[in-house]
Number of protein chains: 4
Amino acid sequence: MCHNLGYTNFGHLLEINMDSLNIKDISLQQANTVLEKAKAKAIELNLKMNIAVVDAGGNLKAFARMDGAWLGSIDIAIRKARTARFFDMPTGEVGKLSQPGASLYNIEHSNGGLITFPGGLPIKDAEGNVFGAIGVSGDIVENDNLVATAGVKAILN
Amino acid sequence: MCHNLGYTNFGHLLEINMDSLNIKDISLQQANTVLEKAKAKAIELNLKMNIAVVDAGGNLKAFARMDGAWLGSIDIAIRKARTARFFDMPTGEVGKLSQPGASLYNIEHSNGGLITFPGGLPIKDAEGNVFGAIGVSGDIVENDNLVATAGVKAILN
Amino acid sequence: MCHNLGYTNFGHLLEINMDSLNIKDISLQQANTVLEKAKAKAIELNLKMNIAVVDAGGNLKAFARMDGAWLGSIDIAIRKARTARFFDMPTGEVGKLSQPGASLYNIEHSNGGLITFPGGLPIKDAEGNVFGAIGVSGDIVENDNLVATAGVKAILN
Amino acid sequence: MCHNLGYTNFGHLLEINMDSLNIKDISLQQANTVLEKAKAKAIELNLKMNIAVVDAGGNLKAFARMDGAWLGSIDIAIRKARTARFFDMPTGEVGKLSQPGASLYNIEHSNGGLITFPGGLPIKDAEGNVFGAIGVSGDIVENDNLVATAGVKAILN
């Protein structure tokens, strides 16, 4: 019988569960394959993209900037990937909620600066567990999102 | 007769009051109890939350991230608690005033980054004196606020 | 037959290993127990400490500031915990290497600011896998380290 | 007769050369090859490394973190690469000059934080023109430098 009760310790009443959590994390091989699939999509669409992959902890795992891609999108691609992992949802979904009058207005001020428009997507396993994220930046957000989607499919397909 | 007049010195007209202020501050025991009550509410609602408590000075006193809670909400929970103490009001009240055209538009740029949507609440004594604050982040803001409210009640009830 | 070869794909020559990594992460129950053990040691030694625990990804998991503990040590405790996880070693070991003339001189400028004197320790399982870290700050570094050591023992003992 | 004199204009004395500069820049293909050669060296030495490549402008071009590599070395690898390009010399050479009493004491405070111990190397063409840099972090600086050297050789050999 195991209950997670934090500081409260009822002694004889409950056993404390001291097990570690077991989680998945993205491997470099997976991250590089995500990068490659995203890059292939960008080439197919004739786009120049910055592509970042972060791990389960939100830390940078792999990055590539295609020749001629916007310099300002290096940081945006990385922030999109982090934002998608930070909230386990597409960055565009966060952006819908961060508009004036919406429930998460100005959430971008947190975490040293979020990017909340489309182009960041969580990377999930078949059971829906998030264990990384991709962020793409370099063109209109619809294209950023197309390229990110192609990257994510490297894992799930 | 005591007046706090700061630098202004009217000489013979007024006595200068050199007494210190006596303020309340939240104890770690109180802060942990606030955390526990908030966490219990989150478990009851089947939510995974980041919960932060700051003291009378706006400085972090206690923090807990429930297993599986959003990574991006660590920073948001702490900023909500600070924002609530910075202005001695619920973060959602600040957020109403920070909208485009409203009186505190983009106040989020101050203090290294505020979070002004619901989920941060001042912690008060029975006389209404604020001596700390709680910030909760991990779900829709209505749920964040419910969990924060449960935490605050640990002190007042 | 599995090889991690990153971008290089020899097609028919090698299979690509697309498995995720399986890692441990610290639970909130574990983190709170580490906090409690560290706090008990601080009380035994009549010290007032800030105590932080980060997870496998270096993200804050739990924090407590004892009543009267230095305000400036909030940030130091958190940075010590992160530094210990960032390099999977005691912060004091990093500090020996970051001295003038030593091999990691001024490493403190990385990662938004490291703290490299004693008081931060990795949290390991019985096999030596690091899956979190503790950082303690509030007194002389020898005492910070004693309290951190007591916290770590909550997991390994 | 061509002289680049910037703001100074001697009127009739000199012709103004309005030609653009023609510079080399590292391609993504080159950067990825540098990454792969560095990674192969790390695998040969049984090391887990963070490897970053920046372009002629000092901007991130490609990055890879090997599985299990130190989290704190993500930022250090990128800063080493930038530092090597910022001054077109090995980071360890900058570090010799940044010691207490030396001519560039505490230069690490510039540029948002430099890393000046070994592991960062400029990437040059056969004529010695610098058009990128590599930064490696994950082990003792001698090994970081060995891996960075292997990466640089991908271009020159």
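Residues numbered from 1 in each chain as written. Chains lettered and ligands numbered in written order. Predicted model: local features only at pLDDT ≥ 70, side-chain atom pairs only at ≥ 80, totals over all residues. Heavy atoms only, no water.

### Brief notes about the overall build of chain A
If you tally the helices and strands in chain A, you get four helices and seven strands. Viewed in the frame of its principal axes, chain A has a C-alpha envelope of about 65 × 40 × 20 Å. Every one of the 157 residues in chain A was classed for burial, and the buried ones make up 57%. Within chain A, counting contacts between residues at least 6 apart in sequence, those at least 24 apart form 60% of the total. With an accessible surface of roughly 6400 Å², chain A has 54% of that area assigned to carbon and sulfur atoms. (Helix = DSSP H or I, 4+ residues; strand = E, 2+ residues; numbered from the N terminus. Buried < 20%, exposed > 50% of the residue type's maximum accessible area, 1.4 Å probe, protein only. Contact = heavy atoms within 4.5 Å. Areas by Shrake-Rupley, 256 points an atom, 1.4 Å probe, with all protein chains shown as cover.)

### A word on the arrangement of the chains
Between chains A and C lies the most contact-rich interface of the five pairs of chains that touch. At no point do chain B and chain D touch; the closest pair of C-alpha atoms across them sits 16 Å apart.

### Focus on the pattern of salt bridges
Residue and element names in this part refer to chain D. According to the stated counting rule, one finds 36 salt bridges over all chains in the structure shown. Among the ionic pairs, Lys 24 bridges to Asp 125, the shortest N-O distance being 2.7 Å. With Lys 24 in the segment before helix H1 (28–44) and Asp 125 in the loop between strand S3 (120–124) and strand S4 (130–137), this pair connects stretches of sequence that are 101 residues apart. We classify Lys 24 as partly exposed; its relative accessible area is 44%. On the accessibility criterion, Asp 125 (7% relative accessible area) is buried. (Salt bridge = Lys/Arg side-chain N within 4 Å of Asp/Glu carboxyl O.)

### What to know about the pairing of strand S4 (residues 50–55) of chain A
All names here are of chain A. Counting buried positions over the six residues of S4 gives six, a clear majority of the element. Because side chains alternate across S4, one face comprises the buried residues Asn 50, Ala 52 and Val 54, and the other comprises Ile 51, Val 53 and Asp 55, equally buried. As paired strands, S4 and strand S5 (residues 60–65) are joined by five bridges and run antiparallel to one another. Within the sheet, the bridge partner assigned to Val 54 lies in S5 and is Leu 60. Turn length for the S4-S5 hairpin, with the two strands adjacent in sequence and antiparallel, is four residues, and the turn residue Gly 58 shows positive phi of about 85°. Sheet topology note: the S4/strand S7 (residues 130–137) ladder contains six bridges and is antiparallel. When the bridges of S7 are listed, Ile 51 appears paired with Val 136. (Pairing = 2+ DSSP bridges.)

### Some thoughts on unusual backbone geometry
Backbone geometry places C:Asn46, a non-glycine residue, at a positive phi of 60°. Assignment of secondary structure puts C:Asn46 in the loop between helix H1 (28–44) and strand S4 (50–55). We classify C:Asn46 as exposed; its relative accessible area is 71%. Of note, D:Asn111 is a non-glycine position whose phi angle comes to about 55°, a positive value. Note on placement: D:Asn111 falls in the loop between helix H3 (91–97) and S3. Residue D:Asn111 is classed as partly exposed on the basis of its relative accessible area of 44%.

### Quick word on the relation of the copies chain A and chain C
For the match of chain A to chain C, the screw axis carries a shift of 0.0 Å, the RMSD comes to 0.0 Å, and the turn is 180°. The symmetry that links the two subunits is that of a two-fold axis. Residue A:Gly57, judged by its C-alpha, is the member of chain A lying nearest the rotation axis, at 2.1 Å. Interface overlap between copies is the fraction of interface residues in one copy that are interface residues in the other; for chain A against chain C it reaches 100%, indicating a shared surface. (Least-squares fit on C-alpha atoms with pLDDT ≥ 70 in both.)

### Some details on the relation of the copies chain A and chain D
For the match of chain A to chain D, the screw axis carries a shift of 0.2 Å, the RMSD comes to 0.2 Å, and the turn is 180°. An overlap of 100% is found between the interface residues of chain A and their copies at the interface of chain D, pointing to a shared contact surface.

### A look at the sheet that holds strand S6 (residues 120–124) of chain C
The sheet built from eight strands is open, its strands ordered S3(B)-S4(B)-S1(B)-S2(B)-S5(C)-S4(C)-S7(C)-S6(C) with antiparallel pairing. At either margin of the open sheet sits one strand with a lone partner, and together these are strand S3 (120–124) of chain B together with S6 of chain C. If you compare each strand with its neighbour and ignore which way they point, the axes differ by 20° on average. Packing of helix H1 (residues 28–44) of chain B onto the sheet brings it into contact with strand S1 (50–55), strand S2 (60–65), S3 and strand S4 (130–137) of chain B together with strand S5 (60–65) of chain C, and relative to S2(B) it is tilted by some 25°. Contacting S6 and strand S7 (130–137) of chain C, helix H4 (residues 141–156) of chain C runs over the sheet at an angle of about 5° to S6(C). (Axes fitted to C-alpha atoms, helices over the stretch in contact; angles between N-to-C directions.)

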